[in-house]
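Observations on the three-dimensional arrangement
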Amino acid sequence: MTILRSATDPRWVEVALSDLDATLADHAHCEKKAVATAVKLVADHPDRPGLVRTLARLAQEELQHFLAMITEVERRGRTLPPDQGDPYVQQLLKLVRSGAGRLVDQLLVGAFIEARSCERMRLLGERLPDERLRELYRRLAQSEAGHETLFVDLAVEVGAEAAGGKGEAAVRARLDELAEAEAAIAAALPLLPRMH
Ligand SMILES: [Fe+2]
Ligand SMILES: [Fe+2]
């Protein structure tokens, strides 16, 4: 069960496959940023041992994904181009509240990035030209699906503490709001050979 409210435009996969070098390189950058985000959350919340351990393990997995992706880039005789930034993620981050809801929002935004990435990796896992790459993408998609759940669970845990019992319902309500916003952001972005 995904938290996404919309399916990716089916034309996206054609665009992504039409410039596979660009898509693979962008994907490598996504994995690198997933590592950085997890490490930053660990650095910002040393007083939450459960979160620290879970996100440290996540960072380790994302680093393995990054290594797998740079291996694919190198196999194709390429080097990583500069990171072009990610307007999808930038727009999601603008929705993060300041103050008490900040960490919950950061974790929920993390869940949506994982969910959308997972959905698209699954599409690539069905459509890529060779079986080795299809298998890699199926494996990555499965891992990102686990990360989606991990971020939602962490958000619920953090939110539940915050409002003594009523916290979980508030987190689920916020998840619904962000789900609508995420679907609108994804639908408005141009279809490009990148993950988002
Ligand atoms: Fe990943
Ligand atoms: Fe992930």
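A few points on the structure. As the structure is a computational prediction, the values presented were derived from the model and not from experiment. (Residues numbered from 1 in each chain as written. Chains lettered and ligands numbered in written order. Predicted model: local features only at pLDDT ≥ 70, side-chain atom pairs only at ≥ 80, totals over all residues. Heavy atoms only, no water.)

Of the regular secondary structure elements, the chain holds seven helices and zero strands. Overall, the chain shows an N-to-C arrangement of helices and strands of α-α-α-α-α-α-α. What you see for the chain is a C-alpha radius of gyration of 17 Å, in line with the 16 Å of a compact globule of 196 residues. If one aligns the C-alpha atoms of the chain with their principal axes, the spans along those axes are about 55 × 30 × 30 Å. Buried residues in the chain amount to 46% of all 196 residues. Considering only contacts within the chain whose residues lie at least 6 apart along the sequence, 79% involve residues at least 24 apart. As displayed, the chain offers around 9,900 Å² of accessible surface, 56% of which is attributable to carbon and sulfur atoms. (Helix = DSSP H or I, 4+ residues; strand = E, 2+ residues; numbered from the N terminus. Rg over C-alpha atoms; globule rule 2.2 N^0.38 Å. Buried < 20%, exposed > 50% of the residue type's maximum accessible area, 1.4 Å probe, protein only. Contact = heavy atoms within 4.5 Å. Areas by Shrake-Rupley, 256 points an atom, 1.4 Å probe, with all protein chains shown as cover.)

Residues Tyr 88, Leu 107 and Phe 112 are the most contacted members of the largest nonpolar core, which totals 34 residues. Of all the secondary structure elements, the ones that give two or more residues to this core are α2 (20-44), α3 (49-75), α4 (87-93), α5 (102-127), α6 (131-162) and α7 (167-188). It is α5 that provides the largest number of residues to this core, a total of eight residues. Setting aside residues no more than four positions away along its own chain, Leu 107 makes contact with Leu 41, Leu 51, Phe 151, Leu 154, Ala 155 and Val 158. (Core = buried A, V, L, I, M, F, W, Y, C linked by side-chain atoms within 4.5 Å.)

Here a ring pair, both rings aromatic, is described through the centre-centre distance and the interplanar angle of the planes. In total, this model carries zero aromatic pairs according to the counting rule given. Over the face of the ring belonging to Trp 12 we find Arg 120, whose NZ or CZ atom lies 5.0 Å from the ring centre. (Phe/Tyr/Trp six-rings, centres within 6.5 Å; stacked < 30°, edge-to-face > 60°. Lys NZ or Arg CZ within 6 Å of the ring centre and 35° of its normal.)

Looking now at the coordination of the iron ion (ligand 1). For the iron ion (ligand 1), every protein donor is listed as Glu 31 (OE), Glu 62 (OE), His 65 (ND1) and Glu 144 (OE), and the spread of their distances is 2.0 to 2.2 Å. Considering all four donor atoms around the iron ion (ligand 1), the spread of angles at the metal, 90 to 143°, places the coordination shape in the irregular class. Motif for the iron ion (ligand 1), donor spacing along one chain: E-x30-E-x2-H-x78-E. Taken as an interatomic distance, the gap from the iron ion (ligand 1) to the iron ion (ligand 2) is 3.4 Å; Glu 62 donates to each of them. Remark: His 65 occurs in helix α3 and Glu 31 occurs in helix α2; sequence separation between them is 34 residues. (Donors = N, O, S within 2.8 Å, 3.2 Å for Na, K, Ca; no water. Tetrahedral: all angles 85-135°; square planar, octahedral: opposite > 155°, others 65-115°.)

What follows deals with the coordination of the iron ion (ligand 2). The reference angle at a metal is 109.5 degrees if four donors form a tetrahedron and 90 or 180 degrees if six donors form an octahedron. Taken together, Glu 62 (OE), Glu 114 (OE), Glu 114 (OE), Glu 144 (OE) and His 147 (ND1) make up the full set of protein donors to the iron ion (ligand 2), lying 1.9 to 2.5 Å away. Taken in chain order, the donor set of the iron ion (ligand 2) reads E-x51-E-x29-E-x2-H.

We now examine the side chain of Glu 72. By the secondary structure assignment, Glu 72 is in helix α3. The class of Glu 72 is buried, set by a relative accessible area of 6%. Looking at Glu 72, its side chain comes within polar contact range of the side chain of Arg 132, at 2.8 Å. What Glu 72 contacts, discounting residues up to four positions off in sequence, is Leu 24, Arg 132, Leu 133 and Leu 136. (Polar contact = N/O pair within 3.5 Å; in protein donor to acceptor, adjacent residues only side chain to side chain.)

With their axes 8 Å apart at the nearest point, α2 and α3 run at an angle of 160° to one another. Taken together, the axis directions place α2 and α3 in an arrangement best described as roughly antiparallel. In this structure, α2 meets α3 at a crossing whose hand is left-handed. A per-class count over the contact of α2 with α3 returns 20 nonpolar, two polar and four charged. (Axes fitted to C-alpha atoms, helices over the stretch in contact; angles between N-to-C directions. Parallel < 35°, antiparallel > 145°, perpendicular 65-115°, else oblique. Left-handed = near helix turned anticlockwise from the far one by under 90°. Nonpolar A, V, L, I, M, F, W, Y, C, P; charged D, E, K, R; others polar.)

The next thing to look at is the environment of Gln 90. Along the polypeptide, Gln 90 turns up in helix α4. Sequence separation of Gln 90 and Cys 118 is 28 residues, and the distance between their C-alpha atoms is 18 Å.

Now for α5. Spanning 26 residues, α5 covers 38 Å between terminal C-alpha atoms, matching the ideal 38 Å at 1.5 Å per step. Counting buried positions along α5 gives 19 out of 26 residues, so the element sits mostly inside the fold. (Expected span 1.5 Å × (residues − 1).)

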